[in-house]
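# Structure assessment
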Amino acid sequence: MTADDRVSNLPVWQGFLRPILDTISDRKTRSRRELVADVLVYMQLTEEQLGEQVATGGNRAEGRCGWALSDLVRAELVDRPRRATYQITDAGIAFLAEHTGDISDAHLKLIPAYQAYTPSTPIDQPKTPVIHESAIEPLEQINEGVARLHDEVKTDLIKRIREQMPDFLESAVLELLVAMGYGGTEQKATRLGGTGDGGVDGVIDQDALGLDQIYVQAKRYGQGNTVGRPDIQAFVGALHGMGASRGIFITTSSFSPGAREYANSVSTRIILIDGERLAGLMIKYGIGVQTRDVFTVVEVDEDFFD
């Protein structure tokens with residue numbers, strides 16, 4: 001019996017890809033609960049398989065179905081027309097017609113939409129080599145798994161923010177900065193926006209009287225739309241007009257080398273936060289995310305036996 005057999009008799013999560021697409025190929029819109037239930041019926045799983053639980057108490061089959069569904073959404077084979085509802089897309093129908101056998105993540109990775117959605121390693125960071133699970137200890141496997149999940153969440157966060165109105169980002173970043181400890185004891189942050197804001201979207205009061213303030217600008221840019229030096233120059237000019245010496249510029253995309261060079265060269269203190277770092281901070285401080293599972297790792301207390 002293999003290790004996988006001992007862990008679970010269920011198909012791996014990729015085994016849920018075709019059942020999901022086959023189930024929703026009728027083009028009906030289903031809630032997440034309805035879709036998962038229909039897929040499990042379609043797969044004709046045994047009572048033992050349906051009853052499998054993960055260590056934290058969740059249902060294993062439902063979890064694997066949800067993971068597969070997330071990848072199909074990333075590939076734009078499945079759409080979310082409304083919150084927590086799902087429907088197959090025209091691309092999904094065409095994909096089914098082209099693929100008559102089993103479907104794996106290797107098929108999804110060939111889809112341009114999936115490639116654009118998958119988190120990419122920043123150019124200034126070395127890529128982590130792929131290591132077979134047997135070559136690393138269990139704790140490392142857990143850490144790598146959590147990192148992968150967080151990368152997926154980062155991508156989803158930025159995608160969803162880009163789908164909102166611009167003022168959503170402005171409010172979200174102020175909430176994040178307050179969660180990070182800015183805003184003083186009164187946690188005071190005000191969204192400005194609108195005409196006449198001088199390129200400033202929000203202000204954070206570090207003290208009760210507002211004598212110490214930090215100004216914020218947030219740019220909801222699409223992928224590939226880089227914030228350049230002129231944007232930072234305009235922001236610095238707006239800060240000077242307000243007599244401010246500190247500012248934070250946040251974007252859902254990235255900054256050009258010229259923008260970063262200029263921000264580092266001026267006397268005004270400017271902090272640049274790109275989409276990658278923004279999403280990471282949102283995860284760290286619990287903005288726009290919720291805890292799914294908590295794992296406790298234990299080891300023998302050597303002092304107990306001394």
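The structure reproduced in this document is the subject of the present report. Predicted, not measured: the structure shown is a model, and the values here were computed from it.

What follows concerns the pairing of strand β3 (residues 85-88). Bridging between strand β1 (residues 30-31) and β3 involves two bridges; their strand directions are antiparallel. What sits directly across from S31, in β3, is T85. Across two bridges, the pairing between strand β2 (residues 78-79) and β3 is antiparallel. Counterpart to V78 in the pairing with β3 is I88. Counted between consecutive antiparallel strands, the loop separating β2 from β3 contains five residues, among which A84 sits at a positive phi close to 60 degrees.

Turning our attention to the packing of aromatic side chains. Enumeration over the complete set of coordinates arrives at three aromatic pairs. Where F235 meets F249, the ring centres are 5.5 Å apart and the plane angle is 85 degrees; that geometry is what we call edge-to-face. Taken together, the residues span a long stretch of sequence, with F235 in helix α11 (residues 229-241) and F249 in strand β7 (residues 246-251) at a distance of 14 residues. Each of the two residues, F235 as well as F249, counts as buried. Seen from their ring centres, F249 and F255 are 5.8 Å apart, and the 75 degrees between their planes marks the pair as edge-to-face. The same class applies to F249 and to F255, which are both buried. Within the aromatic cluster, the residues linked to one another by ring pairs are F235, F249 and F255.

So, on to helix α13 (residues 275-284). Turning to α13, its buried residues are G275, L278, A279, L281, M282 and I283. Trailing α13 by a residue or two, G286 shows a phi angle of about 70 degrees, which is positive.

Let us now look at unusual backbone geometry. Here the phi dihedral of R27 falls at roughly 70 degrees; this positive angle occurs in a residue that is not glycine. Relative to the assigned elements, R27 resides in the loop between α2 (17-23) and β1. One non-glycine residue with positive phi stands out, namely E76, at about 60 degrees. Structurally, E76 is set in the loop between α5 (60-74) and β2. Residue classification places E76 among the partly exposed positions, given a relative accessible area of 46%.

About the criteria used
Residues numbered from 1 in each chain as written. Predicted model: local features only at pLDDT ≥ 70, side-chain atom pairs only at ≥ 80, totals over all residues. Heavy atoms only, no water. Pairing = 2+ DSSP bridges. Helix = DSSP H or I, 4+ residues; strand = E, 2+ residues; numbered from the N terminus. Phe/Tyr/Trp six-rings, centres within 6.5 Å; stacked < 30°, edge-to-face > 60°. Buried < 20%, exposed > 50% of the residue type's maximum accessible area, 1.4 Å probe, protein only.

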